[in-house]
Each structure stands twice: as structure tokens, then as C-alpha cells.
Amino acid sequence: MSEAKKPVPAKPAGGRAGMKKELPEHFKSYKHVWVFVEMERGVVHPVSWELLGEGRKLADKLGVELAGVVMGPPGAETRAAVAESYTYGADTVYLVEDPLLTDYRNEPFAKALTDVVNTYQPEVLLLGATTLGRDLAGTVATTLKTGLTADCTELAIDDDRSLAATRPTFGGSLLCTIHTLNYRPQMATIRPRVMAMPDKDESRPVGGLIEHPLNMAEDDIVTKILSFIADQDSDKAQLAYADVVVAGGLGLGKPENFKLVTDLATVLGAEYGGSRPLVQKGWIAAERQIGQTGKTIRPKLYIAAGISGAIQHRVGVEGADCIVAINSDPGAAIFEIAHIGIVGDALTILPALTEAFRKRLSVNRMAG
Ligand SMILES: Cc1cc2nc3c(=O)[nH]c(=O)nc-3n(C[C@H](O)[C@H](O)[C@H](O)COP(=O)(O)OP(=O)(O)OC[C@H]3O[C@@H](n4cnc5c(N)ncnc54)[C@H](O)[C@@H]3O)c2cc1C
């Protein structure tokens, strides 16, 4: 084989030979990194603070400001979200305060966000990939006619200052890095718990506040909220933010054995979850699924029993500080990411752990 015919290695992510790199003139004034601060019924979704932490790094790399965008009804809760944004890294907050923004509806929120983007022109706009964030980001991106990368797991700034947004594709078997070269802002949604929670810094100075009107009337909005029914399964959100998570997989054999997982979780004061086949088989509720198409978790301790460690599961747990895997197969992929691996039968080991922790924790409680 001649030299010239040798296979050429694939270009690394970010190689965009032959593509137009010069940004059209009218987009050159777009600056700064923005994070949409998601607030529902006065409660800010923690993903907003995770994104301000990540946005801070991107803004510092670009040498630009970081801003939070807060939208809500006039009142103390909306103002508290503004104040908190500074403590998590925002230099400036863009605020749209209007009674029409009391409950989330696509139309007023999309108008508010599109208007502030058109007026103040951010270079990068990040939203949480929550139900609300996904709904809003799609409308805003199509209204602005710009690029949106959904469900990102990694963000970086390229040498040419563009946003490199990485997300899993093909069922998690490939990671692709996507650029929005010729349009602004560069938009991305990021799943909760993928980015680390930044430390809250109360000593950070209160930054700038730019208020923008909504200019909309109730009659302009087709969607009407008749009533609000709170989610009965209020522990839904807790799995992603729990410090300790115990999970089971198909290796447990039958649905009755899942109790061994919940027993250990109860003793540890932990949340419980499982792999996708358990949801498909109806052993656990869908909101308990951990992984690429379930929840991403970042607990201090993750115990996985009878889970093989398929890539789609691993991407949801890799951020855990300590992963303990219990599997009867020493070759199981979960051991590649486990900090502590136990090769053995989960049906014996789970109750033994539960008993050991029960004894140990009750001794500690008595001592305390
Ligand atoms: C598009 C797509 C998205 C997906 N999204 C997700 C997702 O979000 N989350 C997810 O989990 N999966 C997801 N999957 C499925 C994923 O590919 C795997 O099929 C799944 O994670 C396997 O689940 P499991 O580990 O419970 O079962 P298995 O792969 O069957 O593993 C069972 C494990 O238990 C072990 N075992 C058996 N008996 C015992 C015992 N007595 N004690 C201890 N260990 C024992 C076995 O050695 C084995 O390793 C997705 C797949 C696709 C295609």
C-alpha cells in the first residue's frame, strides 16, 4: 500500500473543514453568556444554579459577562431568584416581571425570552433540559431561527470562540459535538445533575439588573390555566438530588426481590431507583429509572445491585462520588466504573448490608 492510501485518522471533534467560519456581520454584536433561571411557583429549579456554575466557566473563557434571565410574577419570590442568581455567579440579571408569567405557559415565556434575546443579544443561551426548559427552548430557537443542541452532557469553548455542545446520540453509543456556526445565540439545554452544583457565594457583589417589559395581554394568550394540581408523587425530583441512591437491575431476578433494594435505601435514608428493563417490566415507576433516558444522578454514594453497567445506564451515574457495584459476574461492565466492587449474589449481599448498616447506624444514633 502506498503512503497516500493509508487511512487518514478521523478529525477530532471540532474539526469543521470546509465549513463557513466567518460569522455574518449582523451577528457580531452578540456577546455574553446567559442562563435561563427556571422558576415554578416561586421555586427555582436547581439546574439553573448548576448552569450558572458552568456558564461562569464559559463566560470567563470568552472574557464576557454571565447573566441570569429571571421571569415571573411581580413579588418577593421573583426578586429572591434575582438575588440568588448573583450568589451563584451572575454578573447581571435580565428580569421580566409580569402577572402573566405566574404559571408557565409557552406563549408568554417564549415571547419574553425572545424579546430579551433580540434586544440584548447574548452569544450563548443555556436552559435546563427539564420539561419546562425543553418546551421553552424549542419554541425560542425556532422563533429566533437559531441552532439548539438538546440534552447536552458537556459544554466547551472552541479556539474560534464558538460553543462546542456535546450530547450522546445513537442510544448513547456515540457522543457528538455540535456547533452553531452562523447563527446567534448558540442555544443548548443541559440535563439536571450533569453539571456540578457551584458553591453559593453570599459575598459576591450584587450585579446589574436590567428590567424588560412583557408587553402582552391575557387575550393574546391561547393557553389558559384552569387549576394547578400538585404532583402527588412528590418524591419524583428527589432521586436526581439525593446524596445516597440504591438501585437494582435485572439481576434481582423477580419483582419481589426489589424489596431488598428499598430495604437498604430505607436504612440508609437513601432514594432508590433502577435500570430501564425494570421500568419496562413494571417493577418500578418510570421516574425511578436511572440513565440516559431516565434520571442523571450525582449522589455521594451509589449502590448498584444486579446491574450490568450498559453505557446507557453508566452515563446517568458517572458523576457519583463513590460507586459500589454488586454483581455475580466479575466481567460485568459496571466494575469498570465502580470504586468498590463486590462479586457475589445480590440476593445475599443486599440483606447483609442492610443488617450491617442497621446495626452500625443505630449504634451511632445511640452514641449521638
Ligand atoms: C436508546 C436506549 C436508551 C436506554 N436508556 C437506558 C437508561 O436510561 N437506563 C438504563 O438502565 N438502561 C437504558 N437502556 C438499556 C440498557 O442498554 C441495558 O439494557 C440496561 O441498562 C440493562 O439493565 P440491567 O443491567 O438491569 O440488566 P442486564 O444487562 O440483564 O444485567 C443484569 C446483571 O445482573 C447480574 N446478575 C444476575 N444475577 C445476579 C445476582 N443474583 N446477583 C448479582 N448480580 C446478578 C448479571 O451478571 C448482569 O450483569 C437503554 C437502551 C437504549 C437502546
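Refer to the structure above for everything that follows.
Bear in mind the structure is a predicted one, so any value in this text is a computation, not a measurement. (Residues numbered from 1 in each chain as written. Predicted model: local features only at pLDDT ≥ 70, side-chain atom pairs only at ≥ 80, totals over all residues. Heavy atoms only, no water.)

Asks: Quick one: what's the story with the site of the ligand, residue by residue and with numbers?
Replies: Around the ligand, a shell composed of 25 residues is seen, among which S275, T293, S308, Q312 and N327 lie nearest. In this structure, an oxygen atom belonging to the ligand sits 3.0 Å away from a main-chain N or O atom of Q292. About the coverage of the ligand: the protein hides 73% of its 980 Å² of free accessible area. Counting residues per element, the ones that place at least two in the shell around the ligand are helix 7 (276-280) and helix 8 (311-314). Here the residues of the shell around the ligand are counted per class, giving six nonpolar, 16 polar and three charged. (Near = heavy atom within 4 Å. Polar contact = N/O pair within 3.5 Å; in protein donor to acceptor, adjacent residues only side chain to side chain. Areas by Shrake-Rupley, 256 points an atom, 1.4 Å probe, with all protein chains shown as cover. Helix = DSSP H or I, 4+ residues; strand = E, 2+ residues; numbered from the N terminus. Nonpolar A, V, L, I, M, F, W, Y, C, P; charged D, E, K, R; others polar.)

Asks: Outline the packing of helix 3 (residues 106-120) against helix 4 (residues 131-144), listing residues and values.
Replies: Relative to each other, helix 3 and helix 4 sit at 50°, their axes nearing to 9 Å. As far as their axial angle goes, helix 4 and helix 3 are oblique. By crossing handedness, the relation of helix 3 to helix 4 is classed as right-handed. Along its contact with helix 3, which presents N106, F109, A110, L113, T114, V117 and N118, the element helix 4 presents D135, L136, T139, V140, T143 and L144. Of the residues belonging to the contact of helix 3 with helix 4, the class tally is seven nonpolar, five polar and one charged. (Axes fitted to C-alpha atoms, helices over the stretch in contact; angles between N-to-C directions. Parallel < 35°, antiparallel > 145°, perpendicular 65-115°, else oblique. Left-handed = near helix turned anticlockwise from the far one by under 90°. Contact = heavy atoms within 4.5 Å.)

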